[in-house]
Amino acid sequence: MGVGVDPTPKTGTGTPRWVKVAGLIALALVLLVVIVKFTGLGGTHGPGRHTPGADTAGGHAGPPPGVTHPQPR
Amino acid sequence: MTLTPGVRKFALTAHVVSSVGWLGAVAAFLALALVGLTSDSAQTARGAYRVMEPTAWLVLVPLALASLVTGLVQSLGTSWGLFRHYWVLFKLVINVLSTAVLVTYMETFRLMADVAADPTSELEVVRNASPLLHGVGALILLLAATSLAVYKPQGLTPYGRRKRAEQHGR
């Protein structure tokens, strides 16, 4: 993927540090997404949240109190 | 399977063009998302959300799929392999994840376009921060993938070490 010439990797054993750091960052991001999703902090996820009347608990765009709006066609 | 030098160069060109093109298309979508959120003109804001879906189908999805397919050809058609080097593996995960989220997000694009096309929808309902948030996430991931392709940081996976040991043992 994005490869120019044949590789000539140097000898090395074990997992490189950059892989560990990147793995930890990825794990933290996955945990963050899971926490946001299951605690409801992000509101209802998925396409439904983008339609009027969807749950806007997460602070997503929605009408201000007292403003009514029609359902999409 | 090893590609001939000519085919390898062609496949590499196709992979770079589709991958960098995807990155540029995401940048253009970020601009559209900003216009949709901040434009003083209601018509312009609604227009931004209405053009996102067809543009995504015509540009983002084809580039994402082309990047994935040409990347698979590149890795499987050369001695880099798909699972031997961590940087290739990371790029594969980023590519598959980003493409999957994009394809899933197409339904959201459609719904936002429907709401924007409805003249009875309030403008504040039409405006939506979701494309901006998803666009920033995509930009970060694709920049990371591009950096991996350029720097090619060292590191063999356990599978790669085993394969190399087998080759050296012959």
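Everything numeric in this text was worked out from a predicted model, so none of it was measured.

A. Structural view of the overall build of chain A. A tally of helices and strands in chain A yields 1 helix and 0 strands. When each of the 73 residues of chain A is scored for burial, the buried share is 21%.

B. Expanded view of the overall build of chain B. Counting secondary structure elements, chain B contains 6 helices and 0 strands. Mapped in sequence order, the helices and strands of chain B form the string α-α-α-α-α-α. Relative to the globule expectation of 15 Å for 170 residues, the C-alpha radius of gyration of chain B, 20 Å, shows a markedly less compact shape. Structurally, chain B occupies a C-alpha span of about 75 × 30 × 25 Å along its principal axes.

C. Seen up close, unusual backbone geometry. In this structure, Lys152(B) is a non-glycine residue whose phi angle is positive, near 45 degrees. Along the polypeptide, Lys152(B) turns up in the loop between helix H5 (130-151) and helix H6 (158-169).

D. Geometry of the confidence of the model for chain B. All names here are of chain B. Mean pLDDT over chain B: 95, with 99% of residues reaching 70 or higher. Per-element confidence in chain B ranges from a low mean pLDDT of 91 for H6 to a high of 97 for helix H2 (residues 42-76). Both scores are given for the predicted complex: the pTM is 0.80, the ipTM 0.76.

E. The pattern of salt bridges, seen in detail. Residues and elements named next belong to chain B. Counted under the stated rule, the structure contains 3 salt bridges over all chains. In this structure, the salt-bridge partner of aspartate 114 is arginine 110, at a minimum N-O distance of 2.9 Å. Of this pair, aspartate 114 and arginine 110 both sit in helix H3 (residues 86-117), separated by 4 residues, roughly a single helical turn. Assessed through its relative accessible area of 29%, aspartate 114 is described here as partly exposed. Taking the shortest distance from any N to any O, the salt bridge between glutamate 166 and lysine 163 comes out at 4.0 Å. Note that glutamate 166 and lysine 163 are positioned in helix H6 at a spacing of 3 residues, about one turn of the helix.

Rules used in this analysis
Position numbers for residues count from 1 along each chain, tracking the sequence in the order it is written. For this description, chains carry letters from A and ligands carry numbers from 1, given in the order in which they are written. Reporting of local features is limited, given that this is a predicted model, to residues whose pLDDT is at least 70; pairs of side-chain atoms are given and counted only at 80 or more, and all residues count toward the totals for whole chains, interfaces and linings. Only hydrogens and water are set aside when side-chain values are computed; all heavy atoms of the structure are taken into account. Strands here mean DSSP runs of E at least two residues long; helices mean DSSP runs of H or I at least four residues long; both are numbered from the N terminus. Type-normalised accessible area, obtained with a 1.4 Å probe on protein chains alone, sets the label of each residue: buried when under 20%, exposed when over 50%, and partly exposed for intermediate values. C-alpha atoms define the radius of gyration, and 2.2 Å times the number of residues to the power 0.38 defines the globule rule. One number per residue, pLDDT, summarises how confident the predictor is, and it ranges from 0 to 100. Any carboxyl oxygen of Asp or Glu within 4 Å of a side-chain nitrogen of Lys or Arg constitutes a salt bridge here.

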